[in-house]
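# Observations on the model geometry
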Amino acid sequence: MAAQAAPSPFRIVHAVCSHDCPDSCAVLVTVDQNGRAVRVQGDPSQPVTQGFLCGKVAKYLDRVYSPDRVLYPLRRKAGAPKGPTQRGREHEAFERVSWHQALSEIAVRLQQISDEHGPESILPYSYAGTIGVLGFGSMDRRFFHRLGGSQLDRTICSEAGGVAWNLVYGKKLGTPAEDFRHARLILAWGANVHGTNIHLWPMIEDARRNGARLIVIDPYRTRTAALADWHIAIRPGTDAALALGMMHVILREGLEDRAYIQEMTHGFERLAERVREYTPERVAHWTGMTPAEVEQLAREYATTHPAALRLNYGVQRAEYGGAAVRAVAMLPAVTGAWKHRGGGAVLSTSGGFAWNKRELERLDLALDSPLGRPARVVNMSALGEALTELGARPEDGPRVQALFVYNSNPAAVAPNQNAVRRGLMRPELFTVVHEQFLTDTTDYADYVLPATTFLEHTDVQGAYGHYFVQLSRQSIEPLGEARSNVWLFGQLAQYMGFREQCFRDTEEQMIRQALAIGLDGYSTNVGMEHIRLEDLEEQGHIPLSFYRPQNEEPFLPFTSGPLATPSGKVEFYSEKLAAQGQDGLPAFTPATESRWGTAAQQYPLEFLGRKADNYMNSTFANLEGHRKLEARTSQRLEMHPADAAARGIADGDAVRVWNGRGELRLTAMVPDGGGASVPPGVVAGRLDWAKLHPEGANQNVLTSERLSDLGAGATFYSVLVEVARA
Ligand SMILES: Nc1nc2c(c(=O)[nH]1)N[C@H]1C(S)=C(S)[C@@H](COP(=O)(O)OP(=O)(O)OC[C@H]3O[C@@H](n4cnc5c(=O)[nH]c(N)nc54)[C@H](O)[C@@H]3O)O[C@H]1N2
Ligand SMILES: Nc1nc2c(c(=O)[nH]1)N[C@H]1C(S)=C(S)[C@@H](COP(=O)(O)OP(=O)(O)OC[C@H]3O[C@@H](n4cnc5c(=O)[nH]c(N)nc54)[C@H](O)[C@@H]3O)O[C@H]1N2
Ligand code: SF4
Ligand SMILES: [Mo]
């Protein structure tokens, strides 16, 4: 008798990693007959994921099924004080309540606050816990618009760079990740490819096998830098000088692409005039390179084709990060690198995804709010100020009386942590946090609501490192009473008595809205016209129409016009900026908090409060397995031997790191001999959870709320400190 194959007790579900990472991996989740996820793996059929996940998410089931998950709504017990709580004892401050109780009590409280202080006294605070289109911003936006709550300017990550890029090119598009294979020269500029964008690495390896060189420009010796052909340990915040210096050499030696400049760009004569000041000698003085190195880099970049530039967001977390990104972004337009497959540059690909935000976010609901207009805008990068100072002047509007946090851990990730804390500790502030874990921020919450992970809800997603639209199907039932962001804000709207139909939309309906599905079943979004939901369901991932990796015809952005800039061209000179009284051209300005700033006498070291390779901002920092991977650098201060010696500090010493905003204790990490991870005058640390430190604070006690030149973004990498043995 022929044996018949038994039906598999497992099913495989297409999901998408929703963490704030350019790679947006296609994930295959294996679920057993009991509905338990038993395996996650990268989808081999997705051309960027290529069948593997990063070390953080390969261990994702440890996170999903962690015994520390928040599984039920929690309410702070009467009299339980707010503030940093010892890990493992957080639960003692809370009591379990039902969703009905939590939602009705929160609704009553928000209504009271709105009536008494005006709805703008309610501030949502969210970032990118999930970058799924629905989870990142949809029902929540509808809710706060209808409520009249303050609008949040989401600037903490990429705004300076995004605004800068768009000033030059009009749209966040760039060289496809897959095409890096064809490059002969790769520049990773403020881009920690190995740590934060690992799926670009195989493309770089392919290119190198074919003879390409990899040059890394980063003050810190990342794993990527250690593997490069040339690591340029540039001083923090001096990238604009280097890029303008490269253009100086390129133009002096006639290495520019006249035809491309003529056809595609605006303001070249003015730029040429400007770069004359940036001689290799002057650039060397600022950057810490030699003049010969500046020249060599310029020549190599301009004469090697295809040359691909991976510009990531490291450069723009700086006071003049906008100008720096503008200058760097102009390089491929000067050399015509865009014309070659495998050439050009990429900061982000997110401009390719024209989601139907109008329908998802419904700003028009603001007209039905008690304000009858869109509410004031509060910058998330100055949360400390918003909680402690906003409302002091009549023109500010009301003080913040309620904070509603989701998709974010501001007590760990927002700059100037001491100010943030002072704000969160205000006795009258009402704070709600929707979370998967009891984080630094939930220590200040009046209510904690349990949130789902991407295995437990459905979403649709684009990416900022590739061009695929992907559907993420729910693979398991929510754990405990965890609920998605969409569910939470839809329900809360019912408790607030909002009658609009849109608050009853299901996730399924909202995915159709995001895709703007037309009568014929196809999306009506630009670039998605060939996509039906049914096809996404079946295939999991579909490339945008202008980008088909299987086509022979390569996607060469910015090689034909008109572009989405005011002139329709690549803008070396921005009339728009000039009209605002700003410099129409990029220039180099040393940061206030840099070795050239006046505060450098008191605080002589430039501090880079970087991200951890094995965490995702503060996410994962609470998990034992991830912490083990990060152990070598965790709670360390990486120093150059010269700076350590000058302070009598040896490797392994306990040190105090401080400035006018705060102080932190870390353990010095000083390499002996060569191999320093930072250049002289620079020290570096890693982001984690504040409550993992004995003093209940992390490196953001040192960072400032000063905003960047463009986009009013955060400036985590323009910070001065002093260090001493503890
Ligand atoms: N493993 C891991 N992956 C992540 C994240 C994470 O926390 N961990 N975070 C995710 C998020 S939110 C984002 S926005 C992306 C960001 O991805 P990246 O842009 O790569 O992020 P950063 O690590 O901030 O910056 C990159 C590099 O810039 C360097 N840098 C700092 N200052 C300067 C400077 O002035 N000039 C130059 N040239 N380089 C400088 C830093 O040392 C760092 O190595 O990564 C995402 N992926
Ligand atoms: N010193 C320093 N500070 C930094 C940076 C740095 O490089 N150095 N980087 C900055 C950057 S680039 C960024 S983007 C920000 C990131 O700041 P955040 O966006 O706050 O990032 P995370 O620390 O990852 O916290 C996200 C939280 O969202 C939760 N979460 C995940 N999925 C969901 C969900 O579906 N629903 C809900 N309700 N919650 C969910 C997670 O459990 C996690 O606690 O940090 C910034 N802060
Ligand atoms: S964090 Fe990034 S690299 Fe890791 S699985 Fe998610 S998308 Fe992929
Ligand atoms: Mo970010």
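On a predicted model such as this, the values are computed, not experimentally measured, just so you know.

Rules used in this analysis
Per chain, the residues get numbers from 1 upward, laid out in the order the sequence is written. Here every chain gets a letter starting at A, and every ligand a number starting at 1, in the order they are written. Since the coordinates come from a predicted model, pLDDT governs what is reported: local features require at least 70, and pairs of side-chain atoms require 80 or more to be given and counted, while whole-chain, interface and lining totals use all residues. Neither water nor hydrogens contribute to the side-chain values; these are computed over all heavy atoms in the structure. Being near a molecule or strand, for a residue, means having at least one of its heavy atoms within 4 Å of it. Distance and chemistry together define a polar contact, namely a pair of N or O atoms within 3.5 Å, with one atom able to donate a hydrogen and the other to accept it when in protein, and with adjacent residues in sequence counting only for side-chain atoms on both sides. To be clear on the numbers: accessible area is Shrake-Rupley with a 1.4 Å probe, and residue cover counts the displayed protein chains and nothing else. Under the scheme applied here, ten amino acids are nonpolar (Ala, Val, Leu, Ile, Met, Phe, Trp, Tyr, Cys and Pro), four are charged (Asp, Glu, Lys and Arg), and all others, including Gly, are polar. Note on pairing: DSSP must find at least two bridges between two strands before they are called paired. Segments assigned H or I by DSSP are reported as helices when at least four residues long, segments assigned E as strands when at least two residues long, and all are numbered from the N terminus. Axis definition: a line fit to C-alpha positions, over the contact stretch in the case of helices; interaxial angles, taken between N-to-C directions, run 0 to 180 degrees. Where each domain begins and ends is defined by an automated method or by a domain database. We call two residues in contact whenever any of their non-hydrogen atoms come within 4.5 Å of each other. Summed over both partners, the accessible area (1.4 Å probe) lost when two parts come together is defined as the buried area. Salt bridges are defined by distance alone: a side-chain nitrogen of Lys or Arg within 4 Å of a carboxyl oxygen of Asp or Glu. An angle below 35 degrees is read as roughly parallel, one above 145 as roughly antiparallel, one from 65 to 115 as roughly perpendicular, and any other as oblique. Definitions for this section: a left-handed crossing has its near helix turned counterclockwise from the far helix by less than a right angle. A right-handed crossing has that turn clockwise. The cut-offs for exposure are 20% and 50% of the maximum accessible area for each residue type, with area from a 1.4 Å probe on protein chains only; residues under the lower value are buried, those over the upper are exposed, and the others partly exposed. Each residue after the first adds 1.5 Å to the expected span of a helix. Working definition: the arc comes from the directions between the helix axis and the C-beta atoms, pointing outward to the latter.

Lining the immediate environment of ligand 2, one finds 33 residues, of which Glu-435, Asn-485, Gly-609, Ser-618 and Thr-619 sit closest. Between ligand 2 and Asn-409, the relevant distance is 2.9 Å, taken from an oxygen atom to a main-chain nitrogen or oxygen of the residue. Between Ser-618 and ligand 2, the recorded distance is 2.5 Å, taken from a side-chain N or O atom to an oxygen atom. Its free accessible area being 910 Å², ligand 2 has 98% of it covered by the protein chains. Within the shell around ligand 2, the residues separate by chemical class into 11 nonpolar, 17 polar and five charged.

Moving on: the sheet that holds strand 2 (residues 26-31). Pairing is antiparallel in the open sheet, where three strands are placed in the order 1-2-3. A single partner strand is all that each edge strand has here, and the edge strands are strand 1 (11-16) and strand 3 (37-42). With direction set aside, neighbouring strand axes in the sheet form an average angle of 25 degrees. Looking at chain direction, strand 1 and strand 2 are connected through six bridges and run antiparallel. By the bridge assignment, Arg-11 is partnered in strand 2 with Val-31.

Time to look at unusual backbone geometry. Residue His-305 is joined to Pro-306 through a cis peptide bond whose omega torsion reads -5 degrees. With respect to the secondary-structure elements, Pro-306 resides in the loop between helix 14 (291-303) and strand 12 (307-311). Unusually for a residue other than glycine, Asn-617 sits at a positive phi of about 50 degrees. Looking at the element boundaries, Asn-617 is found in the loop between strand 22 (605-610) and helix 24 (624-629).

Time to look at the domain arrangement of the protein chain. Taken domain by domain, the protein chain holds domain 1 (175-347) and domain 2 (598-725). A C-alpha centroid distance of 27 Å is found between domain 1 and domain 2. The partner domain 2 presents 23 residues to the 20 residues of domain 1 that form the contact. Summed over both partners, the interface of domain 1 with domain 2 buries about 1,700 Å², with 55% contributed by carbon and sulfur atoms. There are one salt bridge connecting domain 1 and domain 2.

Next up on the list: the environment of Thr-431. For Thr-431, the position within the fold is in strand 16 (residues 430-435). Each C-alpha atom of the pair Thr-431 and Ala-445 lies 4.9 Å from the other, and the pair is 14 residues apart in sequence. Residues contacting Thr-431, with those up to four places away along its chain left out, are Lys-82, Leu-403, Tyr-444, Ala-445, Asp-446 and Tyr-447.

Contact geometry for helix 6 (residues 159-169) and helix 15 (residues 321-335): axes closest at 8 Å, N-to-C directions at 40 degrees. If you check the angle between helix 6 and helix 15, you find them oblique. Crossing angle aside, the handedness with which helix 6 passes helix 15 is right-handed. Judged by residue contacts, Ala-160, Gly-161, Ala-164, Trp-165, Leu-167, Val-168 and Tyr-169 of helix 6 engage Gly-322, Val-325, Arg-326, Ala-329, Met-330, Pro-332 and Ala-333 from helix 15.

Another point: the site of ligand 1. For ligand 1, the set of nearby residues contains 33 residues, the closest of which are Asp-218, Tyr-313, Tyr-615, Asn-617 and Tyr-717. Asn-617 places a main-chain nitrogen or oxygen 2.6 Å from an oxygen atom of ligand 1. For ligand 1, whose free accessible area comes to 910 Å², the fraction covered by protein is 99%. Elements supplying a minimum of two residues to the shell around ligand 1: helix 7 (193-196) and strand 22. Taken together, the residues of the shell around ligand 1 sort by class into 16 nonpolar, nine polar and eight charged. Looking at which domains feed residues into the shell around ligand 1, each of domain 1 (175-347) and domain 2 (598-725) supplies at least three.

The next point concerns the environment of Asn-197. By the element assignment, Asn-197 lies in the loop between helix 7 and helix 8 (201-209). Placed 115 residues apart in sequence, Asn-197 and Asn-312 show a C-alpha to C-alpha distance of 9.2 Å. Residues within four places of Asn-197 in sequence aside, it is in contact with Pro-22, Asp-23, Asn-192, Arg-310 and Asn-312. At 3.0 Å, the side chain of Asn-197 forms a polar contact with the side chain of Arg-310.

The final tally for this structure, using the stated rule, is 47 salt bridges. Between Arg-141 and Asp-140 there is a salt bridge, with its nearest N and O atoms 2.6 Å apart. Judged by its relative accessible area of 10%, Arg-141 is buried. Of the charged contacts in the structure, one is a salt bridge between Glu-500 and Arg-146, with a shortest N-O distance of 2.9 Å. Note that Glu-500 is positioned in the loop between helix 20 (485-496) and helix 21 (507-515) and Arg-146 in helix 5 (residues 139-147), a separation of 354 residues in sequence. The pair Glu-500 / Arg-146 is uniform in exposure class, with both members buried. Several salt bridges share partner residues, and in doing so they unite Arg-252, Glu-253, Glu-295 and Arg-299 into one network.

A few words now on helix 3 (residues 99-117). The end-to-end C-alpha distance of helix 3, which contains 19 residues, comes to 26 Å, matching closely the 27 Å that a straight helix rising 1.5 Å per residue would cover. For helix 3, the set of buried residues is Trp-99, Ala-102, Leu-103, Ile-106, Ala-107, Leu-110, Ile-113 and Ser-114. All buried residues of helix 3 fall inside an arc of 135 degrees around its axis, so they share one side. Within helix 3, the exposed residues directed more than 90 degrees away from the buried face are His-100, Asp-115 and Glu-116. On its buried face, helix 3 is in contact with strand 6 (122-126), helix 5, strand 15 (402-406), strand 16, strand 17 (447-450) and helix 20. Just downstream of helix 3, Gly-118 is the residue with a positive phi angle, here 90 degrees.

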